[in-house]
Amino acid sequence: MFGLEERALVSPREMEERSRLLASRGLAVPGNESVILGFFEEERLVATGSLVGNILQGIAVDRELEGEGVAATVTSALLKKAMETGRRQLFLYSKPDEAKRFEALGFTLLATATVERTGLGASLLEWGAEGIEKWSAAIAMKAEDGPEKSGVAVVNCNPFTLGHYRLLEYAAARTPRLYVLVVEEDRSLFPFEARFRLVEEGVSGLKNVVALRGGPYVISSATFPTYFSRMESGEGEQVTELYAALDIELFGRYVAPALRATDRFVGTEPYCPVTSIYNRMMKERLPKGGEGWPPVRVHEMPRFEIYGLPVSASRVRALIREGGLENVRPLVPESTWKWLVSKEARPVIEKIRSSESRH
Amino acid sequence: MNGVKNSVAGSLESSDVLVTVGPAEGEENKLDVESIVLKQFGARIRSVAEEVVVASGVRGAAVRIQDRGALECTLRARLETALERALKA
């Protein structure tokens, strides 16, 4: 495309212009952008696009320039920006009716979800042709020797508590094999490697349980960005429902078939509004199945309680924040406790005490 | 790592091609070609790409070509630039 000037948008006036352009195409301002590009025709903003981490989002072109290949210009510029920072795995969000355009530019459609009640819809695409296939083939390999049917629990375990243990024990008794997918995104206070190890050690006594890395398609910043940020009320709830629906669609379409999973296990969520929305959507959608994927039963287990209080990781973190590490001891298995008092845990505990993060 | 860095050249605009280069698994070069004219020119695109990749001396690179109907000279230029960037110290 000739004649369009590309530059990063910074000033409040430019941002204002951009949100008007986005709104005119029925798009919301994504938020948390790391790069925001604008394309100008004689000082008039005619196209925009942004990067939110490794996700291309908020791509809009002025109606007057439609069909002139400007979306390809915007997409190319964003891809370059993303790859310059060394990102290889890139995703893109679009409106469901525009997914085709981006498929034509070399993206692969992963999932489309709509929430009838709010009328919101989104498609998630990934750059390149083999990401999801490679990944599902890799996890299918781990399930190769497994039974015909299995169950799945997706956990963050920030950190692994007796509540998690009880949930997994409950699940393991109800399925021939239980796969525990540990959310891999490293945005929690406990680093992934530590969370994963504590899950592995925690379930080592349960013979039919296998812990797996969650990877990029299970509650990641691509499939479920709002999981990792605080939710604002109102609009935030609707957006969270939409992302939850996308994550559930991916689970039904790719994850469950790869693991031959027929059942999914969740714990009731007393504290976190995002997780309780996720659980609700899961109960609504997984048992129905989707286009091209079979139903998955959902089992919700009440949180394990001690002295009338649910045992959850957020409570463990709150207790650490308040200072009394010793108070955490009754809530976690021996393996987690050993880690918490080890040298390795010290920086994490410092971080929890000085942080307000929900995760 | 094999010293191949992530690099990009070109664009997805009509009559252009986007070439991305990154480290591959292992020492072999890996070449992926997508094109809107794959049936007609896929083999030619592939042979030009192989020639430019070999000439660059790169090893262990994953080269991805996303062709939007570029002329051969464009394809060569984009490939050379992307590879040069990928190998720059």
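For clarity, every value in this text was computed on a predicted model and none was experimentally measured.

## Section: the confidence of the model for chain A
- Confidence in the prediction of chain A, expressed as mean pLDDT, is 90, and 96% of residues score 70 or more.
- Mean pLDDT across the elements of chain A ranges from a minimum in strand E14 (residues 309-310) of chain A, with 84, to a maximum in strand E9 (residues 178-182) of chain A, with 96.

## Overview of the interface of chain B and chain A
- On the chain A side, the residues contacting the 11 residues of chain B number 13 residues.
- It is strand E2 (residues 17-23) of chain B that provides the largest number of residues to the side of chain B that touches chain A, a total of 3 residues.
- Classifying every residue of the side of chain B that touches chain A gives 3 nonpolar, 6 polar and 2 charged.

## What about the pairing of strand E4 (residues 55-61) of chain A?
Residues and elements named next belong to chain A.
- Most of E4 is tucked away, with 7 of its 7 residues classed as buried.
- Sheet topology places strand E3 (residues 44-52) next to E4; 5 bridges connect them, and they run antiparallel. Its bridge partner lying in E4, Val 52 is registered against Ile 55.
- Hairpin connection between E3 and E4: a loop of 2 residues separates the two successive antiparallel strands, and Gly 53 in this loop has a positive phi of roughly 60°.
- Relative to strand E5 (residues 91-94), E4 runs parallel, the two being bridged by 2 bridges. What sits directly across from Leu 56, in E5, is Leu 92.

## Quick look at the domain arrangement of chain A
All names here are of chain A.
- Under the domain assignment used here, chain A contains domain 1 (5-129) and domain 2 (132-353).
- Placing the centre of domain 1 and that of domain 2 at their C-alpha centroids yields a distance of 31 Å.
- Taken residue by residue, the interface counts 15 residues in domain 1 and 14 residues in domain 2.
- At the level of elements, strand E6 (107-115) and strand E7 (120-127) are the ones that each hand at least two residues to the side of domain 1 that touches domain 2.
- A per-class count over the side of domain 1 that touches domain 2 returns 10 nonpolar, 4 polar and 1 charged.

## Thoughts on unusual backbone geometry
All names here are of chain A.
- With omega at 0°, the peptide bond leading from Asn 158 into Pro 159 counts as cis.
- Structurally, Pro 159 can be placed in the loop between strand E8 (150-155) and helix H5 (162-172).
- With phi around 55°, Arg 260 is a residue other than glycine that occupies positive phi space.
- Since 18 C-beta atoms lie within 10 Å of it, Arg 260 is described here as partly exposed.
- Look at Tyr 307: it is not a glycine, yet its phi comes out positive at around 50°.

## With respect to the nonpolar core
All names here are of chain A.
- Counting residues in hydrophobic clusters, the biggest one holds 125 residues, and the most contacted among them are Ala 153, Leu 168, Val 180 and Val 199.
- Sorting elements by how many residues they give to this core places helix H7 (residues 235-259) first, with 14 residues.
- Composition of this core by domain shows at least three residues from each of domain 1 (5-129) and domain 2 (132-353).
- Beyond its immediate sequence surroundings of up to four residues, Leu 168 is in contact with Ala 153, Leu 178, Val 180, Val 203, Leu 206 and Val 209.

## Brief notes about the packing of helix H1 (residues 38-56) of chain B against helix H2 (residues 72-87) of chain B
Residue and element names in this part refer to chain B.
- As a packed pair, H1 and H2 sit with axes 10 Å apart at the nearest point and diverge in direction by 35°. H2 is crossed by H1, and the crossing has right-handed handedness. Residues Ile 45, Val 48, Ala 49, Val 52, Val 53 and Ser 56 of H1 form the contact with H2, whose own contacting residues are Glu 72, Leu 75, Arg 76, Leu 79, Glu 80, Leu 83 and Leu 87.

## Overview of the sheet that holds strand E1 (residues 7-10) of chain B
Residue and element names in this part refer to chain B.
- Here we have 4 strands laid out as an open sheet, ordered E1-E2-E4-E3, and mixed in their pairing. In this open sheet, the two strands that pair with only one neighbour each are E1 and strand E3 (30-35). Mean inter-strand twist for the sheet, computed between neighbouring axes without regard to direction, equals 10°.
- Against the sheet, H1 touches E3 and strand E4 (61-67), its axis set at about 150° to E3.
- Sitting on the sheet, H2 is in contact with E1, E2 and E4, with an inclination near 25° to E2.

Cut-off values and rules
- Think of each chain on its own: its residues are numbered from 1, step by step along the sequence as written.
- Naming scheme: in the order in which they are written, chains are lettered from A and ligands are numbered from 1.
- Only residues with pLDDT of at least 70 are given local features in this predicted model, and only at 80 or more are side-chain atom pairs given and counted; all residues enter the totals for whole chains, interfaces and linings.
- The predictor's confidence in any single residue is recorded as pLDDT, a number from 0 to 100.
- What counts as a helix is a DSSP run of H or I of at least four residues, what counts as a strand is a run of E of at least two, and both are numbered from the N terminus.
- We call two residues in contact when the distance between their C-beta atoms, placed using the backbone, is within 7 Å.
- Only Asp, Glu, Lys and Arg are considered charged, only Ala, Val, Leu, Ile, Met, Phe, Trp, Tyr, Cys and Pro nonpolar, and every remaining residue, Gly among them, polar.
- Think of it as a crowd count around each C-beta: if 20 or more other C-beta atoms lie within 10 Å the residue is buried, if 12 or fewer it is exposed, and in between it is partly exposed, with C-beta placed from the backbone throughout.
- Any two strands are treated as partners once DSSP identifies two or more bridges connecting them.
- Residue ranges for the domains trace back to a domain assignment, done automatically or taken from a database.
- Joining buried Ala, Val, Leu, Ile, Met, Phe, Trp, Tyr and Cys residues through C-beta atoms within 7 Å gives a set, and that set is a nonpolar core.
- Here, axes are lines fitted to C-alpha atoms. For helices the fit covers the stretch in contact, and angles between N-to-C directions go from 0 to 180 degrees.
- Each helix crossing is assigned a hand: it is left-handed if the near helix lies turned anticlockwise from the far helix by less than a right angle, otherwise right-handed if that turn is clockwise.

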